[in-house]
Amino acid sequence: YTCFEEITERVILGRALEQKATMDFLNGVANRASIMDQLCAEWDRKRRDPEHRCAILLLDLDFFKQINDTMGHAAGDAVLKHISQLLTEAVRSADLVGRMGGEEFLVMLRGTGLASAFALAERVCERVASRATGFEGAPIATTISIGVSVIRADDASIDAVLARADHALYAAKNAGRNRAIPHADPLATD
């Protein structure tokens, strides 16, 4: 019986350590290291199977620094948790939501092309804008900007995919924020 208890404790400890190593401590979504590992696996799969599809949404909260500066970091943390929840609810169980750092998130959409990913990104923008974060009895309105890209078979690395999504994200911010923009990618198909 003692041996069984020790093994059970080790299994529980191992699972707890794995969760700490792969999950963002604040909001329970994948952390940057975990999502990058998964993206690299999808990139490898695309190189082996050119028909495989995988899209990414790179998201950034609009004017997040103002929330932290005017309402405090506890309010900012509440917004990050709320956004994580909204993103997790918006995607399928096969997809992955992760926090890249600060107020930047990445959503990996397995088996999804550019047009479908863009449609989801637009719905996510609408959802976030219409659902304020409740904090200390007051709503905190938030919007997001999203860049959309896909993994291509000719990508030299996952960094190429991220660079396209980042370029589209900044185009969304420059176009007035609170919107999604797909990377203009003539090679991408849905």
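First, a word on scope: everything that follows refers to the structure included in this document. Note that the coordinates shown come from a computational prediction; the quantities given were computed from them, not determined experimentally.

What counts and what doesn't
- Residues numbered from 1 in each chain as written.
- Predicted model: local features only at pLDDT ≥ 70, side-chain atom pairs only at ≥ 80, totals over all residues.
- Heavy atoms only, no water.
- Helix = DSSP H or I, 4+ residues; strand = E, 2+ residues; numbered from the N terminus.
- Contact = heavy atoms within 4.5 Å.
- Core = buried A, V, L, I, M, F, W, Y, C linked by side-chain atoms within 4.5 Å.
- Buried < 20%, exposed > 50% of the residue type's maximum accessible area, 1.4 Å probe, protein only.
- Pairing = 2+ DSSP bridges.

### Comments concerning the overall build of the chain
And then number 1: In terms of helices and strands, the chain carries six helices and seven strands.
And then number 2: In the chain, the proportion of contacts linking residues at least 24 apart, taken out of those at least 6 apart, comes to 69%.

### Observations regarding the nonpolar core
And then number 1: Judged by nonpolar contacts, the single largest core of 34 residues is most densely connected at L57, L59 and I146.
And then number 2: Elements with a minimum of two residues in this core: β1 (54-61), α3 (64-71), α4 (73-90), β3 (104-110), α5 (114-130) and β6 (144-150).
And then number 3: Apart from residues lying up to four places away in sequence, L59 is in contact with L87, E103, E104, F105, L106, V107, V124, I144, S145 and I146.

### Some words on the pairing of β1
And then number 1: Burial runs high along β1: eight of the eight residues are buried.
And then number 2: Side-chain alternation along β1 places C54, I56, L58 and D60 on one buried face and A55, L57, L59 and L61 on a second face that is also buried.
And then number 3: Note that β1 and β3 share seven bridges and pair antiparallel. Among the inter-strand pairings, A55 is bridged to a residue of β3, identified as L109.
And then number 4: Pairing analysis gives seven bridges linking β1 to β6, with the strands arranged antiparallel. In the strand pairing of β6, L58 is matched with G147.

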